[in-house]
Amino acid sequence: MLSFHDIAKGSNHLVKFHHVATGTRVEFPSFITDFSDQVSVSWGTETIFGRTDPVKPYQGTTRSISLGFDVLAPTLEKAKENLFNYSKLVQMMYPVYSAPLAGTNSRGRVIKSPPLIRLEFMNLVKNTSLVSDDTGLLGCI
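From a predicted model like this one, the values you see are computed outputs, not experimental measurements. For every chain, the first residue of the written sequence is number 1, and numbering continues from 1 onward in sequence order. The predicted origin of the model limits local features to residues at a pLDDT of at least 70 and limits the giving and counting of side-chain atom pairs to 80 or more, whereas totals for whole chains, interfaces and linings rest on all residues. Computation of side-chain values: all heavy atoms of the structure, hydrogens and water removed.

## Describing the overall build of the protein
Selection criterion: Helix numbers and strand numbers start at the N terminus; a helix is a DSSP run of H or I with at least 4 residues, a strand a run of E with at least 2. Pairs of residues are marked as contacts when any of their non-hydrogen atoms sit within 4.5 Å. The method behind every accessible area is Shrake-Rupley, applied with a 1.4 Å probe, and residues are considered shielded solely by the protein chains displayed.
For the protein, the count of helices and strands is two helices and seven strands. Secondary structure elements of the protein, listed N to C terminal, follow the sequence α-β-β-β-α-β-β-β-β. Considering only contacts in the protein between residues 6 or more positions apart, those separated by 24 or more positions represent 50%. Element-wise, carbon and sulfur atoms account for 57% of the exposed surface of the protein, whose accessible area totals about 10200 Å².

## Looking at the pattern of salt bridges
Counted only if it meets this: Definition used for salt bridges: Asp or Glu carboxyl oxygen within 4 Å of a side-chain nitrogen of Lys or Arg. Relative accessibility thresholds used throughout: buried, under 20% of the residue-type maximum; exposed, over 50%; partly exposed, between the two (1.4 Å probe, protein chains only).
Taken as a whole, this structure holds two salt bridges when the rule is applied. Arg 63 is the partner of Asp 37 in a salt bridge, and the nearest nitrogen-oxygen pair spans 2.7 Å. With Asp 37 in strand β2 (residues 25–43) and Arg 63 in strand β3 (residues 58–71), this residue pair connects regions lying 26 residues apart in the sequence. Of the residues examined, Asp 37 reaches a relative accessible area of 34% and is grouped as partly exposed.

## Some details on the side chain of Ser 98
Here Ser 98 shows up in the loop between β4 (96–97) and β5 (111–113). Taking the relative accessible area as the measure of exposure, Ser 98 reaches 14% and is therefore buried. When sequence neighbours within four positions are dropped, the list of residues in contact with Ser 98 reads Arg 109, Val 110 and Lys 112.

## A word on the nonpolar core
Let me state the cut-off plainly: Here the nonpolar core consists of buried residues drawn from Ala, Val, Leu, Ile, Met, Phe, Trp, Tyr and Cys, with membership extended through side-chain atoms lying within 4.5 Å.
Of all hydrophobic cores here, the largest spans ten residues; its members are Val 15, Phe 17, Val 26, Phe 28, Leu 89, Met 92, Ile 117, Leu 119, Phe 121 and Val 125. Mapped by element, the contributors of at least two residues to this core are β1 (14–19), β2 and β6 (117–120). If sequence neighbours within four positions are ignored, Phe 121 has contacts with His 13, Leu 14, Val 15 and Ile 32.

## Concerning the sheet that holds strand β7 (residues 137–139)
Going by this rule: If DSSP finds at least two bridges between two strands, the strands pair. Fitted lines through C-alpha atoms serve as axes, helices being fitted only where they are in contact, and the angles separating the N-to-C directions of these axes extend from 0 to 180 degrees.
Pairing is antiparallel in the open sheet, where five strands are placed in the order β3-β2-β1-β6-β7. On the outer flanks of this sheet lie β3 and β7, each paired with one strand and no other. Each neighbouring strand pair of the sheet contributes to a mean axis angle of 35°, computed without reference to strand direction. Inspection of the sheet shows β6 paired to β7 by three bridges, in the antiparallel sense. Bridge pairing in β7 links Leu 119 to Leu 137.

## Looking at the environment of Met 92
Examined against the element boundaries, Met 92 turns out to sit in the loop between α2 (76–91) and β4. Residues Met 92 and Ala 21, 71 residues apart in the sequence, show an inter-C-alpha distance of 9.1 Å. In contact with Met 92, not counting residues within four places along its chain, are Phe 17, His 19, Thr 24, Arg 25, Val 26, Pro 115 and Ile 117.

## Some remarks on the packing of aromatic side chains
Condition: Note on ring pairs: Phe, Tyr and Trp rings are taken, using the six-membered ring of Trp, and paired if centres are within 6.5 Å. Classes follow the plane angle, with under 30 degrees stacked, over 60 edge-to-face and the rest tilted.
Applying the stated rule across the entire model yields four aromatic pairs. Their ring planes at 35° and their centres at 6.1 Å tell us that Phe 28 and Phe 69 sit as a pair that is tilted. Remark: Phe 69 occurs in strand β3 and Phe 28 occurs in strand β2; sequence separation between them is 41 residues. Looking at Phe 28, the relative accessible area reads 3%, which means it is buried. Among the residues examined, Phe 69 registers a relative accessible area of 24% and is labelled partly exposed. Note on Trp 43 and Tyr 58: the rings are 5.6 Å apart at their centroids and 70° apart in plane angle, and the pair reads as edge-to-face. On the criterion of sequence distance, the pair formed by Trp 43 in strand β2 and Tyr 58 in strand β3 is long-range, its members being 15 residues apart. Feature note: the residues Phe 17, Phe 28 and Phe 69 constitute an aromatic cluster, connected by ring pairs.

Given below as structure tokens:
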């Protein structure tokens, strides 16, 4: 008999997170409860002498994805596994720090890597670049 996780994996209904700095991966078999994908393009305005219309230089594009999902577990063991994966996901929200800096009694550290995440869910959130080996969309949470 197939488990819920096996069915979700077979139909690609897993929400997948990949922490870029450490390579840690977690995935959740889930039901999507909320999804929105917004793209915003920013343009500047420059008025130039002798022109009646302003010039509109491109400044940048921002994409914001909101994803809500419920994670179910058919057994206590799967619930514990989901909770463990959730704990790993929370740890991914923090940067990676360097080893303590050299010096006497030094405890200082510097940020080695920001908390960048690759997120993937079906074809709704996915990296379509042919350059990357990872299909998750790079961003921050």
